[in-house]
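Reading the structure
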Amino acid sequence: TIISGGGTGATISGSDSAFRIVLGTSPGTTAILVDFDASFSTTPVAVVHYHCPATADDRAYIASLTANSLTLEIAGGSWTAGYGISVIVVGIDAA
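Throughout, a residue's number is its position along its own chain's written sequence, starting from 1. The model is predicted, so local features are restricted to residues of pLDDT at least 70 and side-chain atom pairs to those at 80 or more, both for listing and for counting; the totals for chains, interfaces and linings are taken over all residues. Think of the side-chain values as coming from all heavy atoms in the structure, minus any hydrogens and water.

**Notes on a nonpolar patch on the surface**
Each patch is assembled from residues with relative accessible area greater than 30% and no salt bridge, linking like charges that lie within 9 Å and nonpolar side chains (Val, Leu, Ile, Met, Phe, Trp, Tyr) that lie within 5 Å. Here, Shrake-Rupley sampling with a 1.4 Å probe gives the accessible areas, and only protein chains in the shown set may cover a residue. We define a salt bridge as a contact between a side-chain nitrogen of Lys or Arg and a carboxyl oxygen of Asp or Glu at a distance within 4 Å. Taken together, the side chains of Val 45, Val 47, Ile 88, Val 90 and Ile 92 present a nonpolar region at the surface, about 420 Å² in accessible area. Labels follow the DSSP assignment, with helices taken as runs of H or I lasting at least four residues and strands as runs of E lasting at least two, numbered in each case from the N terminus. If you list the elements that add at least two residues to the nonpolar patch, you get β5 (45-50) and β8 (84-90). Looking at the secondary structure, you find Val 45 in strand β5. In this scheme, a residue with accessible area under 20% of its type's maximum is buried, one over 50% is exposed, and one in between is partly exposed, where area comes from a 1.4 Å probe on protein chains only. Note on Val 45: relative accessible area 47%, which makes it partly exposed.

**Topic: the sheet that holds strand β3 (residues 18-22)**
Strands pair, by our definition, only if DSSP identifies at least two bridges between them. If you walk across this open sheet you meet the 4 strands as β2-β3-β8-β5, and the pairing is antiparallel. Where the open sheet ends on each side, the last strands, each with one partner, are β2 (11-14) and β5. Across the sheet, the mean angle separating the axes of adjacent strands is 20° when strand polarity is ignored. Note: β2 against β3, 4 bridges, orientation antiparallel. The residue of β3 that forms the bridge with Ser 13 is Arg 20. Orientation is described by lines fitted to C-alpha atoms, with helices fitted over the stretch in contact, and by angles between N-to-C directions that extend from 0 to 180 degrees.

Dropping the structure here:
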């Protein structure tokens, strides 16, 4: 679930382990906070890919990751309305 950020009308689809965000209008540079539907037993591992315009030098990164939520931020510019962000999250059991 998108808690904040991503612009007006941003959408999220998929599951806790693999989801895609489509940015809404006027997403700006605001961080995007996503809450997982179910908590992981430990802090998971995640990767993110921002499908930004080919001419952009914007980079999405994971600013915060807990068993309950993930925060994405942008470096080098601002989010672009209508573009997607793909995230894969894997729970890792404590050894």
